[in-house]
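Structural description and commentary
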Amino acid sequence: MPELPEVETLTRKLRKTVIGKRVSGIWLSGFPLRSPVCGTMASKLRNRTVCRILRRGKYLVFELGPKAFWLVHLGMSGRLLYHSGRFRRNRHTHAVIRFSDTTRLEYRDPRRFGLLASYEVMRPDQIPEIRSLGKDPLSPGFNVLWLQPVLQNCRQEVKSFLLDQQKIAGLGNIYACEALFLAGIHPKRRCFNLDSKEILALVGAVRGVLRRAIRHQGTSFSDFIDLEGKPGRNQNYLKVFRRESEACLRCGNPIQRIRQGNRSTFFCSECQK
DNA sequence: GCATTACCCTGAAAGC
DNA sequence: TGCTTTCAGGGTAATG
């Protein structure tokens, strides 16, 4: 399940691999993903050169010259794989970008929750999906000064707040659970009830879990692998996520699991108040 | 207007 | 062993 650290890991590897390459052709499966993939995408991007690759929240944005952007979201199970030799498409391959040097970039997505789209806009922030995103938690603007008034006006449970991409862009279930544990905040606490000390702890915890995960090249349970097919290592460092009934690494009490908004939440009822 | 819920999808795991 | 059911979760439309 690619969240910010996994997409950031991919972005960094893609920059080293495909920047400067010219697209000579695009193959599309024709299957719909989160929404249908527009067939004109291939003609819009053909003969263009990848000049910049950005990450915004969990989105990858490829800039291919003036007024040509390729937007990629990996959803739950999406993968981007780089091939310098021969490879076989499988039933979950939904796009293959062929470069003029014969290397290829393959998009696979078994559950088809991802998104592929092209946009003719001047800047990435004119792409609707990007425009609606909230604050990037690794940006300087993600701080107590910004977060405190936002939380004060919000009645949501803090875990649901952290998953809301229109508020904070890039956190998913794994890192929301981990950040709340690190900050010592119960996931069902209402946002407006958090005090300034807790908000300060939350800002630090969110940044901390994301930076650590990027250092470990992302978290891999079953889905995430990088450009060369290698898994991340951060699953070995998680404190609560998918550790139901196991001992809390801080106090020894069993980790609990509850359902919140159709998602599993893992937490320690002793350490998180 | 805001918060919550249901739905899309397929592979893996659990249950029978 | 093999079939059926359940679960996982990101984003969004529908509902409360």
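Model, not experiment: these values are computed from the prediction.

1. Brief notes about empty space enclosed by the protein
- Per the stated rule, a full pass over the model turns up one cavity of 30 Å³ or more.
- Forming the boundary of the largest cavity are Val23, Leu45, Val50, Phe62, Leu64, Trp70, Ile97, Phe99 and Leu105.
- A per-class count over the lining of the largest cavity returns nine nonpolar, no polar and no charged.

2. Observations regarding the protein's contact with DNA strand C
- Every one of the 16 residues lining DNA strand C counts as a neighbour, but His73, Phe113, Arg257, Arg259 and Arg263 are closest to it.
- When atoms of DNA strand C within 4 Å of the protein are sorted by moiety, sugar and phosphate together comprise 57%.
- For DNA strand C, a sugar or linking oxygen lies 3.1 Å from a polar atom in the side chain of Arg34.
- One of the side-chain N or O atoms of Lys58 is found 3.2 Å from a phosphate oxygen in DNA strand C.

3. Digging into the environment of Thr40
- Here Thr40 is to be found in the loop between strand S1 (23-28) and helix H2 (41-45).
- Its relative accessible area of 38% is what places Thr40 among the partly exposed residues.
- Separated by 77 residues in the primary sequence, Thr40 and Ala117 place their C-alpha atoms 9.7 Å from one another.

4. Considerations on the layout of surface pockets
- When its volume is computed, the largest pocket comes out at roughly 840 Å³.
- For the lining of the largest pocket, the secondary structure elements donating two or more residues are helix H5 (158-163), strand S9 (256-260) and strand S10 (263-267).
- Split into classes, the residues belonging to the lining of the largest pocket amount to ten nonpolar, twelve polar and eight charged.
- If you add up the space inside the second largest pocket, you get close to 240 Å³.
- Around the second largest pocket sit Trp27, Gly85, Arg86, Phe87, Arg88, Arg89, Val96, Arg98, Thr102 and Arg104, which together line it.

5. Topic: the pairing of strand S3 (residues 59-63)
- With five of five residues buried, S3 is to be regarded as a mostly interior element.
- Pairing between strand S2 (residues 52-56) and S3: five bridges, direction antiparallel. Following the sheet pairing, Leu54 is matched in S3 by Val61.
- Adjacent in sequence and paired antiparallel, S2 and S3 are bridged by two residues, among which Gly57 carries a positive phi angle near 60°.
- Looking at chain direction, S3 and strand S4 (residues 69-73) are connected through five bridges and run antiparallel. If you follow Tyr59 over to S4, its bridge partner there is His73.

Cut-offs applied
- All residue numbers refer to position in the chain's written sequence, counted from 1.
- Throughout, the order in which chains and ligands are written sets their labels, letters from A for the former and numbers from 1 for the latter.
- Residues qualify for local features only when their pLDDT is at least 70, as the model is predicted, and side-chain atom pairs are given and counted only at 80 or more; totals for whole chains, interfaces and linings, by contrast, use all residues.
- Derived side-chain values reflect all non-hydrogen atoms in the structure, with water molecules and hydrogen atoms excluded from consideration.
- The method works on a 1 Å grid over the protein atoms by themselves. A cavity is a set of points holding a 1.4 Å probe that cannot get out, a pocket is an open set with protein on both sides within 12 Å along at least five of seven lines, and residues with an atom within 4 Å of a point line them.
- Grid points are joined across faces, edges and corners, and a volume is the space filled by probe spheres set on the points.
- Just so you know the grouping, Ala, Val, Leu, Ile, Met, Phe, Trp, Tyr, Cys and Pro go in nonpolar, Asp, Glu, Lys and Arg go in charged, and all remaining residues, Gly too, go in polar.
- Any residue with a non-hydrogen atom lying within 4 Å of a molecule or strand is treated as near it.
- As used in this structure description, the phrase polar contact means that two N or O atoms lie within 3.5 Å; if the pair is within protein, one of them must be able to donate a hydrogen and the other to accept it, and residues adjacent in sequence are counted only when both atoms belong to side chains.
- Numbered from the N terminus, helices here are DSSP runs of H or I no shorter than four residues, and strands are runs of E no shorter than two.
- The buried label applies to any residue whose accessible area, calculated with a 1.4 Å probe on protein chains only, is under 20% of its type's maximum; exposed applies above 50%, and partly exposed to all values in between.
- Two strands qualify as a pair provided DSSP detects at least 2 bridges between them.

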